[in-house]
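Here's the letter readout for the chains.
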Amino acid sequence: MLNSFSNLIFKTLNPLSSAARSANVRCMSRYGPQFIDPVVDPQEQKKIRETGDLQTYLFRPIKSAPGNYTCSHYFDPEVAKFTNILMSGGRKALCRELMDKTFEQIKRNQIERFNKAETDEERNAIIFDPLIIFHKAIENTKPIMKLLKIKRGGQTYQVPYPITENEKRFRAIKWLIEAGNDKPNPIHFPQRMAIEFIDAANNKGSAVKRKTELHRQCEANRAYAHYRWA
Amino acid sequence: MIVSKPWNELFVTCRSVASIHVRSLFQTSALLQTETEGLLDDDEEFRVIDLKKTSQKSVKKFQREEKPVLPPRYTRMPVDQDWASVWPGPRSFHPATVPLPMFQGNMSDGLPPVGKFANAELMKIPNFLHLTPPAVKKQTEALRKFCTAWPEGLETDEKIEQHFPLEVITSDYCHSAPKIRDPKARIVTVKFKVKALKLGKHSKDKFKRLCKDNYSEERDDVCIVADRCPVRKQNYEYAMYLITALYHEAWNFAEWEKEKSEVDMEYYDWDLNKSKQSYVQLKCWPGKPNPETVDFNTPEAIKYRNAVTDLFNKGEDVDTLAKYKEAVKDILGLS
Amino acid sequence: MIVKLLRAPRLLSKCVVRNFSAVEPVVNLNERKVFAKRAETNDPATHSENDIGKFYTVSIEDNKKLFSFYEFPAQFERNIKTFNESAFMIREPALEIINSLKTLDPTKPILKFVIYGRFGEGKTMTFCHICHFAHRAGWILCYVPTSTIWMRWSKEVTFSETKPESINIPLESAQWLRNFKIQNADLISKLDLRVRDKIVWSAREITEKDAPLMELVDHGINRVKYAADVVDVLIENIKLYSTEQRCRTLVAIDGFNGFFNPKSNLKAPDKTPVPPLRVTIMQSLMKLTQADWSNGAAVLTVDTKNSYPDNREFVFPLYLLHKEGFEHLDPFIPVYVPALNPKEVNNLLDYYEEKKWLLKPQAREEIEFLSTRNPYHLTELCGPL
């Protein structure tokens with residue numbers, strides 16, 4: 001009797017946890033499922049006001065924006081994510097500088113390429129905007145599946161698994177950074193990363209190679225895919 | 001059978017949360033009790049089912065006595081009241097007592113400033129509401145019988161300085177403790193302005209250097225704090241001795257003072273510096289520089305001299321540099 | 001709950017910060033064609049007040065001649081490579097000095113200008129602009145980019161044989177002579193300037209009287225041991241010839257306040273400390289900035305990066321030069337280089353858009369605000385965009 005009653009109390013004390021779990025919100029988050037993400041980009045905000053979606057935002061509680069989110073033109077959420085993953089020892093300012101210099105270097109490389117290009121076709125194909133190249137690079141490096149080790153009957157099999165969007169992005173960023181760090185030392189990190197980004201945007205380079213390697217292995221191991229459930 | 005101690009205790013501890021559940025259980029148990037009672041006592045009357053529980057007395061919730069909240073005091077204040085009685089002494093700000101519409105706080109985005117109620121900023125800052133002119137007047141009137149007239153001939157600050165150049169500051173302390181004395185009472189501060197002393201050009205400079213940190217350039221006064229002796233009288237005598245010694249020493253001219261060089265100068269003298277030589281060289285070009293042939297009283301020379309002197313003596317900033325630039329352009333003959 | 005409801009709309013608006021994130025349409029880069037305002041001619045002598053804020057280009061030959069050895073500031077150097085041109089903005093302080101140089105009186109002692117200003121606001125660029133003008137106008141250029149490089153990283157330090165207690169930095173002196181040759185060889189041979197007196201270097205090395213001046217310079221480059229003394233003799237000759245009105249000289253020293261630092265990183269061969277003025281080439285350059293010759297000008301920059309670390313609070317000339325430096329240069333004309341005005345900022349951003357460097361034109365207001373119109377920071381901020 002007492003047991004069931006205490007269970008009752010627990011559930012009434014924490015009414016949202018089950019709801020939270022069902023709404024795909026992080027279960028340790030203090031925000032319940034009714035909280036919505038903030039809108040930082042002024043363009044987005046304008047759209048919301050114009051299309052009349054403002055009503056959905058007005059009377060709902062909004063999560064606070066993360067500390068590194070700004071409405072500045074230097075801000076891009078994916079770049080912020082990249083910076084965070086690049087950072088070590090809490091040196092965010094250094095990473096931000098490195099990212100700025102990397103983008104600058106990308107531009108310089110592309111302009112050099114433009115000046116050296118001989119045909120109009122080549123010239124038109126060159127993208128100058130480092131942000132576009134950055135996004136493209138990450139898109140091209142994102143894997144579709146991942147391999148997980150499953151032990152069956154004493155043997156470990158590499159089983160292809162589906163991968164969430166966040167994990168894809170993380171993998172892509174991690175591989176790009178590792179590819180950047182692989183290069184020989186005298187070249188500074190911004191120069192190395194610039195080369196990596198441009199290569200990845202053109203589907204070349206070691207980061208993309210890693211992705212294709214992974215895809216190849218997934219393809220090779222597709223026979224074990226049923227071990228996910230068996 | 002169900003109503004027992006454990007349930008009551010539970011009701012006390014988990015009141016807010018589980019009250020509904022427990023109360024309903026409690027009520028059903030009470031109902032069962034009345035039911036059994038009826039069965040035993042009265043067989044004849046047909047018991048009507050009481051679903052809506054109208055016969056039962058509702059348990060009255062413990063109601064706290066609500067005290068009436070009076071309007072704030074300032075709404076009942078007459079305009080011609082004696083403010084000194086309302087706020088007789090220093091007191092931290094109390095919004096209900098102060099009849100003024102006050103706002104304190106920096107608000108942005110066109111929001112109105114924060115009012116006086118629950119305003120921590122108004123409470124933090126010192127207020128002088130106990131020192132309104134009528135209150136001060138009242139106090140001065142009360143003190144008047146203890147005061148003598150302000151002496152004639154001491155109306156202005158300058159006259160006071162002229163007649164009483166020396167200011168001696170001491171402080172008395174009293175403790176209501178086993179020891180009534182305070183060692184701080186021995187401290188004697190002596191202040192005076194340098195212009196009160198008869199000093200020449202050299203002696204003034206020497207005096208200031210001898211005083212070191214005790215001399216303040218902004219106020220042009222010397223402040224000596226004497227506390228090295230245990231008794232106030234001794235400290236006072238020491239301070240007087242110091243002033244005498246400094247004064248007489250300032251008038252002494254020692255042999256080694258002749259070795260004072262350009263580096264030791266406390267101000268920039270254009271005549272003694274290279275800037276004058278550069279000017280002479282400029283004016284005598286292409287000939288040999290000869291100071292006697294150069295006229296230093298032309299307006300441009302004077303302007304240049306003042307500009308350079310100001311740069312060093314007044315300090316270098318945008319204005320002095322601009323003046324210097326103009327002066328140089330003049331002497332170089334540029335537009 | 002009620003409080004939160006009221007807060008919700010503010011959270012949205014909180015993200016719209018001040019003016020520059022005022023919502024503008026995303027610009028289609030293909031349609032937008034922006035061109036920076038440029039001056040009509042690329043000759044600095046022809047520019048006037050109307051050209052302030054406009055760009056002019058330094059030709060590749062001039063660039064090679066003047067700035068190949070001692071380069072521009074690093075940021076500008078990178079941009080030259082990327083944009084394929086070295087474009088200078090015409091600014092008021094430069095024009096002021098150039099106008100004074102154009103109307104120079106050859107019979108009066110040299111004019112001295114001291115350029116000062118905050119970091120990144122254009123002192124060195126103004127300085128280079130004036131050097132370019134002087135070169136094109138046919139002046140001899142004595143160009144010293146910054147003396148602190150010599151005072152920090154000189155590889156060889158030797159005792160001077162001709163000047164007691166002085167120190168030579170032979171490799172750097174020879175480098176300076178090499179740069180001098182690249183900049184002025186043509187002009188000097190055109191003017192046919194010759195060495196005044198015979199100089200005996202050693203038993204076998206003699207520079208004859210009336211030998212061409214460039215021969216002296218070559219001797220200094222080849223025989224590094226005598227480079228510092230060659231610099232001294234060269235400077236004396238140039239001063240004499242300028243006063244005789246056979247040539248016009250511009251002395252251009254960047255970071256002149258470095259000469260008056262109390263210490264340097266150099267150590268003499270006997271481990272004694274070497275203040276900058278103990279070095280022979282510095283002493284020779286000091287002679288150039290004295291007002292005992294005419295038909296020339298000295299354009300000097302004072303910079304906090306060239307001063308000793310405890311002397312970096314202000315940017316004013318007297319503070320940076322100390323009394324010693326001030327008195328050496330007095331009377332001089334202090335010229336302040338301020339931050340860019342709005343018109344100049346606009347044109348600079350137009351230039352970066354034209355060169356496809358700034359790809360986000362909607363960020364212009366933000367860049368202007370963040371950089372406080374400081375050209376160095378503005379260029380840095382345009383980098384990632």
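Above this text you will find the structure in question.
Residues numbered from 1 in each chain as written. Chains lettered and ligands numbered in written order. Predicted model: local features only at pLDDT ≥ 70, side-chain atom pairs only at ≥ 80, totals over all residues. Heavy atoms only, no water.

### Quick word on the overall build of chain A
Okay, so step 1: Each helix and strand counted, chain A has 11 helices and 2 strands in total.
Okay, so step 2: For chain A, the succession of helices and strands along the chain, N to C, is α-α-α-α-α-α-α-α-β-β-α-α-α.
Okay, so step 3: Buried positions account for 38% of the 230 residues belonging to chain A.
Okay, so step 4: Partitioning the contacts of chain A with sequence separation of at least 6, the portion at a separation of at least 24 is 62%. (Helix = DSSP H or I, 4+ residues; strand = E, 2+ residues; numbered from the N terminus. Buried < 20%, exposed > 50% of the residue type's maximum accessible area, 1.4 Å probe, protein only. Contact = heavy atoms within 4.5 Å.)

### So, helix α11 (residues 205-220) of chain A
Note that an α-helix has 3.6 residues per turn; residues three or four places apart therefore point the same way.
Residue and element names in this part refer to chain A.
Okay, so step 1: With 16 residues, α11 should cover 22 Å at 1.5 Å per step; its first-to-last C-alpha distance of 22 Å lies within 8% of that length.
Okay, so step 2: All of the buried residues along α11 are Ala207, Val208, Lys211, Leu214 and Cys218. Summarising the axial view, the buried residues of α11 lie within an arc of 115°, below the 170-degree limit, and thus occupy one face. With respect to the buried face of α11, the exposed residues turned more than 90 degrees away are Lys209, Arg216 and Ala220. (Expected span 1.5 Å × (residues − 1). Arc of directions from axis to C-beta.)

### Remarks on the packing of helix α8 (residues 130-141) of chain A against helix α10 (residues 189-201) of chain A
Residue and element names in this part refer to chain A.
Okay, so step 1: In contact at an axis separation of 7 Å, α8 and α10 are set at 65° when each is read in the N-to-C sense. The two elements α8 and α10 meet at a crossing, and its hand is left-handed. Between α8 and α10, the residues in contact are Ile133, Phe134, Lys136, Ala137, Asn140 and Thr141 and Phe197, Ile198, Ala200 and Ala201, respectively. (Axes fitted to C-alpha atoms, helices over the stretch in contact; angles between N-to-C directions. Left-handed = near helix turned anticlockwise from the far one by under 90°.)

### Notes on the side chain of A:Asp76
Okay, so step 1: Along the chain, A:Asp76 turns up in the loop between α4 (54-58) and α5 (77-86).
Okay, so step 2: For A:Asp76, which is buried and forms no salt bridge, the nearest opposite charge comes from C:Lys360, at a distance of 6.6 Å.
Okay, so step 3: The contacts of A:Asp76, once residues within four sequence positions are left out, are A:Leu131 and A:His135. (Lys, Arg positive; Asp, Glu negative; His and termini not counted. Salt bridge = Lys/Arg side-chain N within 4 Å of Asp/Glu carboxyl O.)

### A closer look at the nonpolar core
Okay, so step 1: By size, the foremost hydrophobic cluster in this structure holds 120 residues, and its most contacted members are C:Trp150, C:Trp176 and C:Leu285.
Okay, so step 2: Among the elements that take part in this core, helix α9 (residues 227-243) of chain C stands out by supplying 8 residues, more than any other.
Okay, so step 3: Not counting chain neighbours up to four residues away, the residues in contact with C:Trp176 comprise C:Tyr70, C:Cys142, C:Tyr143, C:Val144, C:Trp150, C:Val231, C:Leu234, C:Ile281 and C:Leu285.
Okay, so step 4: By size, the runner-up hydrophobic cluster in this structure holds 32 residues, among which are A:Leu176, A:Ile177, A:Ala200 and A:Ala201. (Core = buried A, V, L, I, M, F, W, Y, C linked by side-chain atoms within 4.5 Å.)

### Looking at the sheet that holds strand β4 (residues 140-144) of chain C
Residue and element names in this part refer to chain C.
Okay, so step 1: Taken together, 5 strands build an open sheet; the order of strands is β4-β9-β10-β3-β11 and the sheet is parallel. Where the open sheet ends on each side, the last strands, each with one partner, are β4 and β11 (333-336). Ignoring strand direction, the axes of neighbouring strands in this sheet form an average angle of 15°.
Okay, so step 2: The pairing of strand β3 (residues 111-116) with β11 spans 4 bridges and is classified as parallel. Opposite Tyr116, over in β11, you have Tyr336 as the bridge partner. (Pairing = 2+ DSSP bridges.)

### What to know about the packing of aromatic side chains
Okay, so step 1: Counted by the stated rule, this structure contains 46 aromatic pairs over all chains.
Okay, so step 2: Ring geometry for A:Phe82 against A:Phe134: centres 5.5 Å apart, planes inclined by 70°, an arrangement best described as edge-to-face. Note that A:Phe82 is positioned in helix α5 and A:Phe134 in helix α8, a separation of 52 residues in sequence. With respect to burial, A:Phe82 and A:Phe134 carry one shared label: buried.
Okay, so step 3: Three or more aromatic residues link up through ring pairs in this structure, and these residues are B:Tyr268, B:Trp270, B:Tyr279, B:Phe296, B:Tyr304, B:Phe312, B:Tyr324, C:Phe326 and C:Phe332. (Phe/Tyr/Trp six-rings, centres within 6.5 Å; stacked < 30°, edge-to-face > 60°.)

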